[in-house]
Amino acid sequence: MEKTWRWFGENDCITLEMLRQIGVEGIVTALYDQPPGEVWSEEAVNALNSFIKNAGLHWSVAESLPVAEEIKYGGADRDQLIENYKISLINLAKAGVKTICYNFMPAIDWVRTDLDRKLPDGTTTLYFDKIRFAYFDCRILQREGAEADYSEEEKEKIKKLDSIITDAEKAALIDTIIVKTQGFIHRKLREGADPVEEFRKQLQNYQGIDKHLLRENLHYFLKKVIPVAEEQGVTLCIHPDDPPFSVFGLPRIVTGEEDIAWIMNLLKSKHNGLTFCAGSLSAGVQNDAPHLARTFAERIGFAHLRSTELLPDGNFVEASHLGGNGKLIEVIRILEKEQPCIPMRVDHGRVMLDDARNNHNPGYSFYGRMFALAQVEGMMAVVRNEIDSFQ
Ligand code: DNO
């Protein structure tokens, strides 16, 4: 697989020159200053493309070309927004960017409750604590009907937490769940707005949208967009939900085998592809990452390599790339065999060494990801050797 790296543009504290030194071959990036739904103009795409080329690298994957919320909830403007999406896709294809990653997660993308969970060795990692998440949902957001989504035991724990949680911890939860994790991936909240109020409004758009309707809306979108991807030789790769279960009472439709099979069968075209995010999928008790990689190998156009460890009570922690439920050795064995030419990137890395001093986006540290890339490269080298010696 091609070794790629998610880079956040010219303002990223990690430069393309640094990436060349550590053996990165392709860049995964986006026009981060464009709000979802806006056309990515030819000029803007070409300017970013030239910047990457001038540094001796190439733009391998657009992640994400975001799908506007109106498309997901089926708002009045969706046809226009889908037209815009097609133009952006064509402009990317013209610039030679033929792999596009997107997701169909309503209202919120990835969810964590702690961005700096200390590990025994002094590094930090990302963490999801079910009770803290539930606390945010029931007590801070005060979502109508939220309590019904939690068991009696969980509600008891929420109550206990309420008696000890500090204001600073509450503020940190808000910041982590709906500001910091979302802000750098096209989900910036309005400047000056109260994040909780803003988020409540976003949730309202999905009133009455159940799994069935969300699937319908994805189908509507794909029916219009995949023919253009086919014409342009682009693979559109849907990203699994992170984590792969419902949050805030919202439907999530890319959570495991049944969901992915449903999407892949909607349009049986290799241009209707999958981003195999081993990390997201591994956070679902229902999922076995190697089994899913094997099952959908033909349709995987892009891979995110990371792993999680499932903990008791619905919590999970991002694990070492060599361990955890992502079972990356086996996943890499399958992908190197079935899809040796696709781009892959290491996903989230730990915060280690000098990382804490740099202003990186949550999950996207330099040393932590470099360390993970070295581990992944090692696994890839061994697997290639296995494959070559059996041929
Ligand atoms: C966060 C990522 C997401 C993901 C997009 C894909 O670190 O998992 O931002 O890349 O949702 O569309």
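Above this text is the structure in question.
Just so you know, these numbers come straight off a predicted model, no measurement behind them. (Residues numbered from 1 in each chain as written. Predicted model: local features only at pLDDT ≥ 70, side-chain atom pairs only at ≥ 80, totals over all residues. Heavy atoms only, no water.)

Draft legend 1. Up close: the packing of aromatic side chains. Scanning all chains against the criterion turns up 18 aromatic pairs. Taken together, a centroid distance of 6.0 Å and an interplanar angle of 55° make the contact between tryptophan 5 and phenylalanine 366 tilted. Note that tryptophan 5 is positioned in strand β1 (residues 2-6) and phenylalanine 366 in the loop between β12 (343-346) and α14 (367-390), a separation of 361 residues in sequence. Between the aromatic rings of phenylalanine 8 and phenylalanine 184, the centroid separation amounts to 5.3 Å while the plane-to-plane angle is 80°, which identifies the pairing as edge-to-face. (Phe/Tyr/Trp six-rings, centres within 6.5 Å; stacked < 30°, edge-to-face > 60°. Helix = DSSP H or I, 4+ residues; strand = E, 2+ residues; numbered from the N terminus.)

Draft legend 2. Quick look at the pairing of strand β3 (residues 58-63). By the criterion of burial, β3 is predominantly enclosed, with 5 of the 6 residues buried. A crossover connection joins strand β2 (residues 26-29) to the parallel β3 through helix α2 (residues 42-54); in handedness this β-α-β unit is right-handed. In terms of strand pairing, β3 meets strand β4 (residues 99-102) through 3 bridges, oriented parallel. Residue pairing in the sheet places alanine 62 in a bridge with isoleucine 100 of β4. (Buried < 20%, exposed > 50% of the residue type's maximum accessible area, 1.4 Å probe, protein only. Right-handed = clockwise from strand over helix to strand, strands pointing away. Pairing = 2+ DSSP bridges.)

Draft legend 3. Main features of the sheet that holds strand β6 (residues 124-128). If you trace the 4 strands from one edge of the open sheet to the other, you get β5-β6-β11-β10, paired in antiparallel fashion. Two strands bound the open sheet, and with one partner strand each, they are β5 (114-118) and β10 (308-310). The sheet shows a mean angle of 35° between the axes of neighbouring strands, direction not considered. Two elements, β5 and β6, share 3 bridges in a ladder whose sense is antiparallel. Among the inter-strand pairings, aspartate 114 is bridged to a residue of β6, identified as tyrosine 127. (Axes fitted to C-alpha atoms, helices over the stretch in contact; angles between N-to-C directions.)

Draft legend 4. Up close: the site of the ligand. Taken together, 14 residues surround the ligand, and among them Glu63, Ser64, Asp109, His348 and Tyr364 come closest. One nitrogen or oxygen atom from the side chain of histidine 348 is found 2.6 Å from an oxygen atom belonging to the ligand. In the model, an oxygen atom of the ligand is placed 2.7 Å from a nitrogen or oxygen of the tyrosine 364 side chain. Coverage of the ligand by the protein amounts to 100% of the 330 Å² it exposes when considered alone. Partitioned by chemical class, the residues of the shell around the ligand number 6 nonpolar, 4 polar and 4 charged. (Near = heavy atom within 4 Å. Polar contact = N/O pair within 3.5 Å; in protein donor to acceptor, adjacent residues only side chain to side chain. Areas by Shrake-Rupley, 256 points an atom, 1.4 Å probe, with all protein chains shown as cover. Nonpolar A, V, L, I, M, F, W, Y, C, P; charged D, E, K, R; others polar.)

Draft legend 5. The arrangement of the sheet that holds β4 in detail. Taken together, 8 strands build a closed barrel; the order of strands is β1-β2-β3-β4-β7-β8-β9-β12 and the barrel is parallel. Adjacent strand axes in the sheet meet at a mean angle of 30° when their direction is disregarded.

Draft legend 6. A look at α14. An ideal rise of 1.5 Å per residue puts 34 Å on 24 residues; α14 measures up with 35 Å between its terminal C-alpha atoms. Residues of α14 that are buried make contact with β1, β9 (300-305), α13 (328-338) and β12. (Expected span 1.5 Å × (residues − 1). Contact = heavy atoms within 4.5 Å.)

Draft legend 7. Spotlight on the packing of α13 against α14. Contact pair α13 / α14: the axes reach a minimum separation of 9 Å and the direction vectors enclose 55°. Between α13 and α14, the angle is such that the two are oblique. Helix-helix and strand crossings are classified by hand; for α13 and α14 the assignment is right-handed. Between α13 and α14, the contacting residues are Leu328, Ile329, Ile332, Arg333, Glu336 and Lys337 on the first element and Val376, Met379, Met380, Val383, Arg384, Glu386 and Ile387 on the second. Each residue belonging to the contact of α13 with α14 can be placed in one class, and the counts come to 8 nonpolar, no polar and 5 charged. (Parallel < 35°, antiparallel > 145°, perpendicular 65-115°, else oblique. Left-handed = near helix turned anticlockwise from the far one by under 90°.)

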